[in-house]
Amino acid sequence: MDPFLLIERDGPVVIARFNRPAERNAISEVEHSEAIVDFCRQMARDTSVRAIVLTGEGKAFCAGGNVKNMADRAGMFSGSPYEIRNSYRTSVQMIGPALLELEVPIIAAINGAAIGLGLDISCMCDIRLMADTAVVAESYVKLGIIPGGGGGWLLPRLIGPQRANIMTLTGDAIDAKTALEYGLVAEVLPADKLMDRAVELATKIAANPGHSTRMAKRLMREGADMKLATLLEMAAGYQALAHYSEDHHEAIAAFLGKRAPEYKDK
């Protein structure tokens, strides 16, 4: 069977695509979650990767859980309540921590429907771009369930509790214009320009030293739940590390020499 994630690379930029277009890239097997977690582990180890674009093959970004499997009580939806609870904890609930802990900047290119867990995964990314033809929905309640993959924590932090309540409690989809108005996405693009813009932005990020963008991402992630004094202590430690990196010295030399830097991820 084809891999759940298609991976391609152009220098320091990696593009990862959900690869079940016939199923609208639904995540319905434990192996699908494991593929995402394993991908994050590989990206964390490879310090030459400086930016990632995450998108979907076909017409959808990710349709969340497989509703047919839910109806059939198959896969991760099979067994007793205890077994289903454990299935969530050891599969889809592993995705959020893996993506959030990954220090490489991630751009979600929402090419089509991002529904339920699909929306939650996009919210785990650092920047969201959206095709003008796409829709997103926190639609769990329409299936009589609740946000099980982290949306209950993520969405209110991104768009505020009022709008998160509207999306979560109605389960209604919103279009790209509304997602932009809510601040859920950074930009809306014509569908045929989405990946060009995502790669362009990833390339701009990747033009900077990987250690500085990784630590800057971590600083912002942790800072969301920190007091300023604690954040400043963390920033001081990170800054000391950065000042001793070879890429920092190369950046300074290139700036003063009025030339393009050549970073070595050291």
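What you are looking at is a predicted structure, and each value in this text was computed from that prediction instead of being measured.

A. Main features of empty space enclosed by the protein. Inspection of the entire model under this criterion finds one cavity of 30 Å³ or more. Here the largest cavity defines a volume of roughly 30 Å³. Lining the largest cavity we find Leu5, Phe18, Ile36, Phe39, Leu54 and Leu99. Its residues placed into classes, the lining of the largest cavity shows six nonpolar, no polar and no charged.

B. Geometry of the packing of aromatic side chains. Taken as a whole and judged by the stated rule, the model has three aromatic pairs. Taking the centre distance of 5.7 Å and the plane angle of 40° together, the rings of Phe4 and Phe18 count as tilted. Pair noted here: Phe4 is in the segment before strand S1 (5-10) and Phe18 is in strand S2 (residues 13-18), with a separation of 14 residues, a long-range link. Of the two residues, Phe4 and Phe18, both sit in the buried class. Geometrically, the ring pair formed by Phe18 and Phe61 is edge-to-face, given 5.5 Å between the ring centres and 85° between the ring planes. Placement of the pair is Phe18 in strand S2 and Phe61 in strand S4 (residues 60-62), with a sequence separation of 43 residues. A relative accessible area of 1% means that Phe18 is categorised as buried. Through successive ring pairs, a cluster of aromatic residues spans Phe4, Phe18 and Phe61.

C. Just the sheet that holds strand S7 (residues 127-131), in detail. Read from one edge of the open sheet, six strands run S1-S2-S3-S5-S7-S10, paired in mixed fashion. This sheet does not close on itself; its edge strands, each paired only once, are S1 and strand S10 (187-189). Going from strand to strand, the sheet's axes swing by 20° on average, the running direction of each strand aside. Relative to strand S5 (residues 106-110), strand S3 (residues 51-56) runs parallel, the two being bridged by three bridges. The partner of Val53 across the bridge, within S5, is Ile107.

About the cut-offs
- Residues numbered from 1 in each chain as written.
- Predicted model: local features only at pLDDT ≥ 70, side-chain atom pairs only at ≥ 80, totals over all residues.
- Heavy atoms only, no water.
- 1 Å grid on protein atoms, 1.4 Å probe; cavity = no way out; pocket = protein on both sides within 12 Å on 5 of 7 lines; lining within 4 Å.
- Points joined across faces, edges and corners; volume = space filled by probe spheres on them.
- Nonpolar A, V, L, I, M, F, W, Y, C, P; charged D, E, K, R; others polar.
- Phe/Tyr/Trp six-rings, centres within 6.5 Å; stacked < 30°, edge-to-face > 60°.
- Helix = DSSP H or I, 4+ residues; strand = E, 2+ residues; numbered from the N terminus.
- Buried < 20%, exposed > 50% of the residue type's maximum accessible area, 1.4 Å probe, protein only.
- Pairing = 2+ DSSP bridges.
- Axes fitted to C-alpha atoms, helices over the stretch in contact; angles between N-to-C directions.

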